[in-house]
Amino acid sequence: YEFQSGGVVDMLEKLKDEFSKQRYDLDAEELKAKHAAEQMLQQLADNIENAKHEISKKTALRAKTQEHKAELEGEKAQTEADRAEDQKYLDETTALCTQKAEDFNSRQKLRSD
């Protein structure tokens, strides 16, 4: 009896080699895809961390700016009140000086008559 299944065995060996190569290629592709996904996840995590850091910095800066603004508004209100007081004093003094000048002029006129 002579072995007659040689062609089938050869074909199965070729298929085995072909499938092994395809499996190796697919495993390599899967590994690359997994690595790319991990890199993307790491990049996104870094972006989130950086964004949170920027948010906290800007929130702190905003709070500081608002505090400074409140201080300046208080100073402005005080300055405006001081100016109003000074303007009132100036108006009163001007009116007093005008009155005294008029009185002086009228006395001078009476003396000359």
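Check the entry above for the structure.
Here goes a summary of the coordinates provided. Keep in mind that this is a model prediction, so the values were computed, not measured.

The rules we used
Residues numbered from 1 in each chain as written. Predicted model: local features only at pLDDT ≥ 70, side-chain atom pairs only at ≥ 80, totals over all residues. Heavy atoms only, no water. Helix = DSSP H or I, 4+ residues; strand = E, 2+ residues; numbered from the N terminus. Rg over C-alpha atoms; globule rule 2.2 N^0.38 Å. Areas by Shrake-Rupley, 256 points an atom, 1.4 Å probe, with all protein chains shown as cover. Salt bridge = Lys/Arg side-chain N within 4 Å of Asp/Glu carboxyl O. Buried < 20%, exposed > 50% of the residue type's maximum accessible area, 1.4 Å probe, protein only. Patch = residues over 30% accessible without salt bridge, like charges linked within 9 Å, V, L, I, M, F, W, Y side chains within 5 Å.

Next up on the list: the overall build of the protein. A count of helical and extended segments in the protein gives one helix and zero strands. A compact globule built from 113 residues would reach a C-alpha radius of gyration of about 13 Å, whereas the protein, at 48 Å, exceeds it by more than 25%. With the C-alpha coordinates of the protein rotated into their principal frame, the extents come out at 165 × 20 × 10 Å. Accessible surface, the protein as shown: approximately 11,000 Å² in total, 57% of it carbon and sulfur.

The next thing to look at is the pattern of salt bridges. Under the defined criterion, the tally for this structure stands at five salt bridges. The salt bridge partner of K69 is E73, with a shortest N-O separation of 3.8 Å. Placement of both K69 and E73 in helix α1 (residues 6-112) is noted, with a separation of four residues, approximately one turn of the helix. In this structure E73 comes out as partly exposed when scored by relative accessible area, which is 45%.

Among the secondary structure elements, D82 is positioned in helix α1. Residue D82 is classed as partly exposed on the basis of its relative accessible area, which comes to 34%. Residues D82 and L12, spaced 70 residues apart in sequence, show a C-alpha to C-alpha distance of 102 Å.

Our next topic: a nonpolar patch on the surface. On the surface, V8, M11, L12, L15 and F19 cluster together into a nonpolar patch covering about 470 Å² of accessible area. Inspection of the secondary structure puts L12 in helix α1.

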